[in-house]
Amino acid sequence: MTGITEGLVAQEFMKRMAVPMSKSNSHGIGYSAVGPDGELFSERWLNNDHFFSTKDIMTPEISEALKPYINRLPAGALDPNYSSLGNIDFQNVRSVTMHTRFATCGREFANTHPFIYEDTSLIHNGTIRNAFSTGYMTGLDVNKISTCDSESALQTYLSQGVNLNTSKAKDWLNLLTGSWAFGILSRNAEGNRVLDVIRGISSLYFMEIEGLGKVFTTNDDDAKAVVKDMGLNFIKQPERVKMDVLYRFDALNGNSILETEVATPYNYGGYYSGGRTTYPATTGMNSDTKNQGGTG
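Definitions and limits used
- Residues numbered from 1 in each chain as written.
- Predicted model: local features only at pLDDT ≥ 70, side-chain atom pairs only at ≥ 80, totals over all residues.
- Heavy atoms only, no water.
- Helix = DSSP H or I, 4+ residues; strand = E, 2+ residues; numbered from the N terminus.
- Buried < 20%, exposed > 50% of the residue type's maximum accessible area, 1.4 Å probe, protein only.
- Contact = heavy atoms within 4.5 Å.
- Areas by Shrake-Rupley, 256 points an atom, 1.4 Å probe, with all protein chains shown as cover.
- 1 Å grid on protein atoms, 1.4 Å probe; cavity = no way out; pocket = protein on both sides within 12 Å on 5 of 7 lines; lining within 4 Å.
- Points joined across faces, edges and corners; volume = space filled by probe spheres on them.
- Nonpolar A, V, L, I, M, F, W, Y, C, P; charged D, E, K, R; others polar.
- Core = buried A, V, L, I, M, F, W, Y, C linked by side-chain atoms within 4.5 Å.
- Pairing = 2+ DSSP bridges.
- Phe/Tyr/Trp six-rings, centres within 6.5 Å; stacked < 30°, edge-to-face > 60°.

Trainee: Describe the overall build of the protein chain, with residues and values.
Mentor: Across its full length, the protein chain holds 5 helices and 14 strands. Across the 296 residues in the protein chain, those meeting the buried criterion constitute 54%. The long-range fraction of contacts in the protein chain, counting pairs at least 24 apart against all pairs at least 6 apart in sequence, stands at 69%. Carbon and sulfur atoms provide 48% of the accessible area of the protein chain, an area that totals close to 12200 Å².

What follows is the structure in structure tokens.
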């Protein structure tokens, strides 16, 4: 969601969307958000049932502090299952990205989306099939904070400088082989907070909802059901997002900054099934085959 004007309604929408999103994607849940000052705040949970709860949490910081007592604790007691970043304030939230995960690589907490590095947050639905290639093809062995294929997209987005120059998006995507729908909160060359949304072969829908602004989701039926249940209204009905277009928004007010084609000769090969993600939103949609969810 971006261009949010009713922050607590957005939070309730997230809580309700988490239920259908977690049905087949229960291997982690998290969000990143932006307040009016442009600063990120974020939370991640390994257990989807704990969404927006601090019950039974084990943060990396607590785990480290308790390590001297590990021999007195049950096996796995110190495994991290929660983290937070920044000043959590949904009253004044402006943009949110949210993700539930179906694990195709390690189910450890470090692989829970969003991935945040150098003040940039990325969520991804799909599979980056060449993520760990160390050979002559791509050298996409760039992970720094996880063992998840999705993180390679974040690190290469940054190394290519797409946040600073959107003309680099083609070079970035041309490094990747697989399927994707990305929601990325970053800062542009002027230091302003922006939201980038890019869809490859993975499913993605756009809509506008009162109080929530522009909304992206990989499953429009879930969104329709939650909108109805909450008594909200669509300003713009859901429609499919164009493939191979980068949409950039001002993350503080939801205004569109640009739409640019990023079609490349990259390979969509592999498979795509399982997960779902909720993003902020865009315009310029087209019709294609509906494809549920993603992996990572």
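Trainee: Can you lay out the layout of surface pockets for me, pointing to particular residues and giving the numbers?
Mentor: It is the rolling of a water-molecule-sized probe over the atoms that shows where space remains empty. Size it by volume and the largest pocket reaches roughly 350 Å³. Taken together, 15 residues form the lining of the largest pocket, with Arg 44, Ser 83, Ser 84, Phe 109 and Ile 116 sitting closest to its centre. Within the residue set of the lining of the largest pocket, elements represented by two or more residues are β2 (40-45), α2 (60-66), β3 (82-85) and β5 (115-117). For the lining of the largest pocket, the per-class residue count stands at 8 nonpolar, 4 polar and 3 charged.

Trainee: Residues and numbers for the nonpolar core, please.
Mentor: Core analysis: the biggest nonpolar cluster contains 29 residues, and Met 1, Phe 13, Tyr 31 and Val 96 have the highest contact counts within it. A total of 6 residues in this core trace back to one element, the largest contributor, which is helix α1 (residues 7-21). Residues Leu 122, Ala 131, Tyr 157 and Phe 182 belong to the second largest nonpolar core, which totals 21 residues.

Trainee: Lay out the pairing of strand β13 (residues 256-261) with the relevant residues and their values.
Mentor: Two faces, one strand: in a regular strand the side chains alternate between the faces of the sheet. With 5 bridges connecting them, strand β12 (residues 245-250) and β13 associate as antiparallel partners. Directly across from Leu 246, in β13, lies its bridge partner Thr 260. Taken together, β12 and the strand that follows it, β13, pair antiparallel across an intervening segment of 5 residues, in which Gly 254 is found at a positive phi of about 80 degrees.

Trainee: Would you mind going over the environment of Phe 102 in detail, with residue names and values included?
Mentor: In this fold, Phe 102 is placed in the loop between β4 (95-100) and β5. Residues Phe 102 and Asn 25, 77 residues apart in the sequence, show an inter-C-alpha distance of 4.5 Å.

Trainee: With reference to specific residues and values, describe the packing of aromatic side chains.
Mentor: This structure, assessed with the given rule, holds 14 aromatic pairs. The interplanar angle of 50 degrees and the centroid separation of 4.4 Å between the aromatic rings of Phe 51 and Phe 52 together place this pair among those described as tilted. Classification of Phe 51 as buried rests on a relative accessible area of 12%. Each ring, one from Trp 172 and one from Phe 182, has its centre 5.2 Å from the other, and the planes form 40 degrees; the classification is tilted.

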